[in-house]
Structures are given as C-alpha cells and as structure tokens.
There are 2 protein chains.
Amino acid sequence: MVADSIINALRNSLGEGNFPLHEPRFAGNEQHYVQECIASTYVSSVGAYVDRFERELASYTGIRRAVAVVNGTAALQVALQLAGVKANDEVIVPALTFIATANAVRYLNAVPHLADSEEATLGLDPRALRDWLKSVAVPAGDAYRNRETGRRISAVVPMHSFGHPCDMDGLLAVAHDYRLVVVEDAAESLGSFYQGQHTGTLGLLGTLSFNGNKIITTGGGGAILTNDERLADHAKHLTTTAKQPHRWEYVHDEVGYNFRMPNLNAALGCAQLEQMSEFLASKRRLFERYEAALMKIDEACLMREPSGCESNYWLQTLVLSDAVADQRDAILQATNDAGLMTRPAWRLMHRLEPYAECPRAPLPVAESLAQRLINLPSSAGLA
Amino acid sequence: MVADSIINALRNSLGEGNFPLHEPRFAGNEQHYVQECIASTYVSSVGAYVDRFERELASYTGIRRAVAVVNGTAALQVALQLAGVKANDEVIVPALTFIATANAVRYLNAVPHLADSEEATLGLDPRALRDWLKSVAVPAGDAYRNRETGRRISAVVPMHSFGHPCDMDGLLAVAHDYRLVVVEDAAESLGSFYQGQHTGTLGLLGTLSFNGNKIITTGGGGAILTNDERLADHAKHLTTTAKQPHRWEYVHDEVGYNFRMPNLNAALGCAQLEQMSEFLASKRRLFERYEAALMKIDEACLMREPSGCESNYWLQTLVLSDAVADQRDAILQATNDAGLMTRPAWRLMHRLEPYAECPRAPLPVAESLAQRLINLPSSAGLA
C-alpha cells in the first residue's frame, strides 16, 4: 500500500504526534504589538500599524504601494474592479483554485472563464491558454470577445498555487496579445519570487491573503499590490467607503466598501512579517526533509519550485503518479486517521454548483492534477 | 452667538482638554483575552472566542442566534440576501443614514428606495411611509411593485440612528400591509431597547456593528441576529464561503462570502461586551449632564430617547431649532476649533452621487434634520 509508505515517510520526517495541515507561529513581537495597539485605543480603522504594515509589505515585495484590506477575497474583488472588469465581462481564472478566485469575479457580476493548469507550476498554462483563446476569442474593437457567449474577455488571474509561481512570462505574453489585464492572485505566495520578482508584482495589480492558514497571518486580512500610484490611491478610497477627506462632512463619491484592515489585525501582521525569513527557511528545510523521506516512493513525488523561481513552500504538496491516482482518497483517509492532516487540492470550479455552467477551456491537466495532489502538514517550525 | 453658548455648555460638562467624538474604552479583560487568543494560535476563522461572542451577543440581545461577521455592512448585505432581496428589487431605506445601509442593498444589485424620517426618533416615519406607499406601490401577485419603476419593493430597513429606536410597531404594521420583509440596521444601537425588546430583534433579521467608533468594538466586526434557526445556519454558511462540512473535500454549494469574524477580533469583543452595563450607565450620565448644561440654550435641545424606548445614547445629538439651522456649519467650525469634536448627521443619500437617481419619497423631515443635527463628544467614561 502506497498509503503506508507515505505515512512512514511523514513519520520519519515529523516524528510522533498529531500534525495539523498548517498552523500559525507566533514567536516574535505579536503579543507586544497587539498589547501596544490596544493600549493606544487605535484598534480599528486608523492607526500606526496599518500604515506600517502597508509600508513593510511594499518594501518586502518590492512594490510601490500596498493597501491592507480585510481579506484576500476582498482584495481580489477590488483589484479586478480597478483593473476595469465590468459586469458581464469574462475573466480567465484557473479551474484549479480556491473558490475565492471565482467568487471575486462573480461579486462584480462578471463571469469566470475557466482555463487549464500545467504540471510544472500547478498554475495557468500559457500555451494551453493561447491555443484556447485562438479558437474562442475574436477581436472586437479594443478587446477580444468570446465568440460563443459574445461577452468581452477582459482580464486573466494567475493564481500561484501553494506558493509556486506560474509561468508569468508566458502568461504576460498571452495577456498582451489578447488585451487582457493581469491581476495576480498571490494569496498563497507571499515570499515566492518569479525570476527575482515577487509574485503579485508582475501584473497591473496583485493580491495577498493573511488568513490564519497562510505563511503569515493577521487573523483575517489581505492586501492589494500595485506600482500604479493612482490605482493605489483609488484602492484605498474604494476600500474605505469612498469617503472624501473632510473635517466633518460625510461625502462618498462612489459605491465603496467597508474593506479596511483593522489596526489590531495589522499589529499582528507587523510582528509576523518580521519573521518571514525564518518561516521561509523552515519551510524549505521541511521540503528537503520530506523530499528525502519520500524519495524511495516511486508512486509519488514532492512538488518542487518551478525553474527560475523561489517558492515559499507554503503548503508542501505530494503529486501522485497516474498509476495510484485512484488511491488518493485511501491515502487521505489513512493519513488523517493517523493524525497527519492532509487534504486534496480544491474541487475544480466547474465541478461546483455555482460555477458548473461557466465557459471553460479543455481542462485535461487540471482534471488530472485534482486527482493527484495531496497537501501535507506544512507549518513553519516543523523543520 | 449660539456657538459660544454651546461651547460653554460642553466645557461645563467636560472640563478642559480635547475631546474626540467617540473613542473606545478598554478597561476590562481586553489585553487578557487577546493575549490568550494569540497564545492559543487560534486567531483566525475558528476559535472559542467567536463561539463565545456569538453566544453572549444572543444572550444579551435576547435573540435565538447571533452570527459574528467581519463588519456591519457585510452583516446587512447577507441579512438582506437571506431576507429574499433579489437583484433589481427595491428596498426601503432612510435617506438619513450612513451610506453602508444603501451600499448593502446595492451589493445585491438591488435599488435603495429612500424614505423620510421623523423628528421623534430620527428614524423612518411609519405614517409618512404608509402615505407614500399608498401612492407609489401597486399590488402585483404576492408582492407590491413601484408603479413608476415596475420593480418589486421587497424589504424595509429601519436604522436606529445614534442608538435611538425607530417606531417599530408602526413600521412592522406598514411592512405587514405591504408585504415587506423587515431587516433592522441596528449598527448603532447595541444596548437600545424598544418596549423592552432589543433593537435588531424585531424584524426577520437584524444587524450589529462593532466598528471602532461603536459602543463596543472588535476593531472591525458585525453580527447578524435572527430568531430563525434555519436563517442563522444559512447566515453562518454564506459567511464562511458556503463550504459544506467535510473532513477534507472542498465543496462549496453556492456563492458564499469570506465574511467570518476572526477569533482575535472576537476576543476583544468578549471583553468589551462584559462592560456594556458600565458603558450604558456612563453614556446616560453624560446625556443628563449635557442636558442640564444645554437647558439654558433656547435654540437647541438634546435628543432624548423616544417614549417607550431605552436608548444606548451611543452618540449624543444636538437638535438645532429651525431658527439657527443656518448656523450649523459655524457651530461645527467653532466646536472643532475648540478641540470639541462634533460632526453633522450624514449627507442625505440622494445628495450623494451614487444614490442621486434612486427612487424616493418626499423627504421634508430628513432634509430639515440633516441641517439641524450635530453629534457631540460621546465616549463612554466622560461622565
């Protein structure tokens, strides 16, 4: 049984005990900053930690501006709106993603258009996307339309799965040729670099998540990244109810959102961000330990950072061979029963009721990967 | 000058120094609970404080179920969706409200239909609403339609301004007769009771806010209240990405939201909720102190809780007489210059660009109140 071999390999790497999939680690200034935040009484919409977190995120990712918001889904919704996505547009998203990617499109009354992934990155496959657009997209004025639905295809959302960067050069080229705005969903890839550039900084806008399961957490939170000052100012305006600055008047000049990150959560984030290099080093050590332990198993290998990339190894990912794809559920069952928490990749978007009817490309690789990916215990501090 | 008299009255009540409009007070277990929360590592989507905060909110308000969410706007959006508001419906909201009330309607692709307020409560006027609906609403099947726009009018959102309960008996009767679902926006009225029942518990659903300026704060947060267990379960499901419970599979059965309240924020909320009775007592004392100090001023009076109601006196509110309505801005200027932070009521919804074209009833009282209301420094602990 391959399940037994996998459990042995995990036990050799981790030792005895129960291991969650991913738990946060608060080994720095978390208590200190949060206490200070409460003592200041500025726990909410304004405060020094929000400004500092935004500055430090920008500095870490090498972007001009970061705007902290309430979560990664909200970040993506607003980034897509700022990218010019309109109601009834189609937006290219991977079929293999967390549902938030598709939901953010839907909140704008636009339609997710699902595309295939590639095995090398687990992200959108630029060659397959180009072939698909060649057959389905027709030029119409400044844009391209889906010849079957008549809708404008306005943007593409590369999502860097489990922290592994997509082939951004390839995707940027396709986007250029088909006039698609690129908004990166870097919810999982803080600390991941594509050819030396931080993920989320290669498109017009990018988004991050600081949910409790991410490499760093603010409890709940996200951020919008962009090098465009005007878009950043607009992002801040839209996410703070679109209120014009005034000493006392309440004038809101568009339909904004209550999407700001509270200062309390930003305080946690500042402390977490200080530990990024330790988290990354620990996750890389865990990758190496798992890889060595799994080397003897022919039916599975560990997902490795794509060539030219530095992955954050947020979630360690086992890739089963086709031969044992039908044992995936048995492996999930056995590992979880053994106290080693594992999970499969997400169910593909078109296999979910809300997105069953979305336009989609052929999805052979996504279909195959969905049957063969298993995330392993991945918390920072395990190695 | 009435401005000088008002400044004198405020100084007599508050003493020297600068006074913000409303700052939170952390005099209880805030540091303790938040520290414990971080130490537990459960700062995010699950955790004991979220469950406890929901239980204690339900107990305090006397409702069967409370669902904690990320803010009051999100709470109202989801409550309206659960109330059956559909795209292109119209929803009755006061013209005199914070923009979130209208935005929540708009997020559902529905249309705010603005109605007038009454001087006794600062909230929706049931008599004026009935008269207006008599002229504009025509029966169509199970519902009423706006005869001018053809759209269904599906719900009404009483908002309890500055903590003063609306005339709920009157509004419930109108809602009954016109088949409107009642969703209460109780963002400002935690601790306010209408004839012994907590605001937000009289309609099908109600919503609360715990923004930093509210009577209690979670940094950012809100809650949905309902006595309907099925709606509460659905609210929890919708606000947690509509993911079905499963040991590992990611199955989302509808378009949900990432609207849960992080455990870190709920920890703060639990500590705040323990101090409600002190906050309420302090605010009532401040009301009495202000009222006594302002008694000599003929041109203004202090907003008092409506008859049969217990207001939380969240924001103390000066009501100018018609004779000095034109001095409002001079009073705002003078008080703010003196370090006594004041603000007017919100600009009326139809005076804001995003809602300028909404259907609306005649709004004589709202127009008048908007020129005559001034909120005064109101933090708990001032008296």
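Residues numbered from 1 in each chain as written. Chains lettered and ligands numbered in written order. Predicted model: local features only at pLDDT ≥ 70, side-chain atom pairs only at ≥ 80, totals over all residues.

Draft legend 1. Spotlight on the sheet that holds strand β12 (residues 300-302) of chain A. All names here are of chain A. Read across the open sheet, the four strands follow the order β12-β14-β16-β15; overall the sheet is antiparallel. Only two strands of the sheet have a single partner each, and these edge strands are β12 and β15 (343-344). Two strands pair when backbone bridges link them, and β15 and strand β16 (residues 373-375) are joined in this way by two bridges, in the antiparallel orientation. Residue R343 lies in a different strand from β16, and its bridge partner there is N375. (Pairing = 2+ DSSP bridges. Helix = DSSP H or I, 4+ residues; strand = E, 2+ residues; numbered from the N terminus.)

Draft legend 2. Representation of the environment of B:P364 within the structure. Relative to the elements of secondary structure, B:P364 occurs in helix α12 (residues 364-370). Taking C-alpha positions, B:P364 is 29 Å from B:A79, a pair spaced 285 residues apart along the chain.

Draft legend 3. Region of the structure containing the domain arrangement of chain A. All names here are of chain A. According to the domain assignment, chain A contains domain 1 (2-24 + 276-375) and domain 2 (30-273). One C-alpha centre belongs to domain 1, the other to domain 2, and the line joining them spans 25 Å. Facing the 36 residues of domain 1 at the interface are 45 residues of domain 2. Breaking the side of domain 1 that touches domain 2 down by element, the ones donating at least two residues are α10 (276-294), β13 (309-310) and α12 (364-372). For the side of domain 1 that touches domain 2, the per-class residue count stands at 26 nonpolar, seven polar and three charged. (Domains from an automatic or database assignment. Contact = placed C-beta atoms within 7 Å. Nonpolar A, V, L, I, M, F, W, Y, C, P; charged D, E, K, R; others polar.)

Draft legend 4. Here's a closer look at the relation of the copies chain A and chain B. Mapping chain A onto chain B leaves a residual RMSD of 0.0 Å; the transformation is a rotation of 180 degrees accompanied by 0.0 Å of translation along its axis. Here the copies are linked by what is in effect a two-fold axis. Of the interface residues in chain A, 100% have counterparts in chain B that sit at the interface too, so the contact is made through matching surfaces. (Least-squares fit on C-alpha atoms with pLDDT ≥ 70 in both.)

Draft legend 5. Representation of the sheet that holds β13(A) within the structure. Residue and element names in this part refer to chain A. Judged by pairing direction, the sheet is antiparallel, and its three strands sit side by side in the order β9-β8-β13 without closing on themselves. Edge strands, defined here as strands with exactly one partner in the open sheet, are β9 (197-198) and β13. Relative to β9, strand β8 (residues 193-194) runs antiparallel, the two being bridged by two bridges. Bridging across to β9, Y194 finds its partner in Q197.

Draft legend 6. Looking closely at helix α8 (residues 229-239) of chain A. All names here are of chain A. Turning to α8, its buried residues are A232, A235, L238 and T239. The arc that holds every buried residue of α8, seen down its axis, measures 130 degrees, which confines them to one face. Away from its buried face, by an angle of more than 90 degrees, α8 presents the exposed residues E229 and R230. T241 occupies a position one or two residues after α8 and carries a positive phi of about 65 degrees. (Buried ≥ 20, exposed ≤ 12 C-beta atoms within 10 Å, placed from the backbone. Arc of directions from axis to C-beta.)

Draft legend 7. The environment of B:R55, seen in detail. Residue and element names in this part refer to chain B. The residue R55 is located in helix α3 (residues 48-61) in this model. Since 13 C-beta atoms lie within 10 Å of it, R55 is described here as partly exposed. Distance in space between the C-alpha atoms of R55 and E229 is 14 Å, their sequence separation being 174 residues.

Draft legend 8. Spotlight on the pairing of strand β11 (residues 222-226) of chain A. Residue and element names in this part refer to chain A. Most of β11 sits inside the fold, with five of its five residues counted as buried. Burial along β11 is two-sided: the face carrying G222, I224 and T226 and the face carrying A223 and L225 are both buried. Here five bridges tie strand β1 (residues 65-69) to β11, and the two strands are oriented antiparallel to one another. Considered in β11, the bridge of A66 is made with L225.

Draft legend 9. Structural detail: the packing of helix α4 (residues 72-82) of chain A against helix α5 (residues 99-107) of chain A. All names here are of chain A. Running from N to C, α4 and α5 cross one another at 45 degrees; their axes reach a closest spacing of 8 Å. With respect to their mutual orientation, α4 and α5 come out oblique. The crossing of α4 and α5 is right-handed. On α5, the residues touching G72, T73, L76, Q77 and L80 of α4 are A100, T101, N103, A104, V105 and Y107. Of the residues in the contact of α4 with α5, the class split is six nonpolar, five polar and no charged. (Axes fitted to C-alpha atoms, helices over the stretch in contact; angles between N-to-C directions. Parallel < 35°, antiparallel > 145°, perpendicular 65-115°, else oblique. Left-handed = near helix turned anticlockwise from the far one by under 90°.)

Draft legend 10. Inspection of unusual backbone geometry at higher detail. The phi torsion at A:F162 lies on the positive side, around 55 degrees, for a residue other than glycine. Along the chain, A:F162 turns up in the loop between β6 (152-156) and α7 (168-177). Judged by the 22 C-beta atoms lying within 10 Å of it, A:F162 falls in the buried class. The backbone of B:N109 sits at a positive phi, close to 65 degrees, despite the residue not being glycine. One can find B:N109 in the loop between α5 (99-107) and β3 (111-115).

Draft legend 11. Fine view of the pairing of strand β4 (residues 137-140) of chain A. Summarising the sheet, β4(A) and strand β5 (residues 143-146) of chain A pair through four bridges and their orientation is antiparallel. Counted as the bridge partner of A:V138 is A:R145 from β5(A).

Draft legend 12. Here's a closer look at the confidence of the model for chain A. Across chain A, the average pLDDT comes to 97, with 100% of residues at 70 or higher. For this predicted complex, the interface confidence score (ipTM) comes to 0.96, while the overall pTM stands at 0.97. (pLDDT = per-residue confidence, 0-100.)

Draft legend 13. Geometry of the interface of chain A and chain B. Contact with chain A, which involves 50 residues of that partner, is made by 50 residues of chain B. Looking at the side of chain A that touches chain B, the elements that each hand over two or more residues are α2 (30-40), α5, α9 (263-273), α11 (328-337) and β15 of chain A. Here the element with the most residues in the side of chain A that touches chain B is α2(A); it accounts for five residues. Of the residues that constitute the side of chain A that touches chain B, the class distribution is 20 nonpolar, 20 polar and ten charged.

Draft legend 14. Main features of the environment of B:A155. Residue and element names in this part refer to chain B. Examined against the element boundaries, A155 turns out to sit in strand β6 (residues 152-156). As for A155 and Y178, which are separated by 23 residues in sequence, their C-alpha atoms are 9.3 Å apart. In this view, A155 contacts L80, A83, V85, V91, L180, V181 and V183; residues no more than four positions away in its chain are not counted.

Draft legend 15. Layout of the packing of α2(A) against helix α2 (residues 30-40) of chain B. As a packed pair, α2(A) and α2(B) sit with axes 10 Å apart at the nearest point and diverge in direction by 155 degrees. What the angle tells us is that α2(A) and α2(B) run roughly antiparallel. Viewed along their axes, α2(A) and α2(B) form a crossing whose handedness is right-handed. Where α2(A) approaches α2(B), its residues A:E30, A:Q31, A:V34, A:Q35 and A:I38 are matched on the opposing element by B:E30, B:Q31, B:V34, B:Q35 and B:I38. Residue composition of the contact of α2(A) with α2(B), by class: four nonpolar, four polar and two charged.

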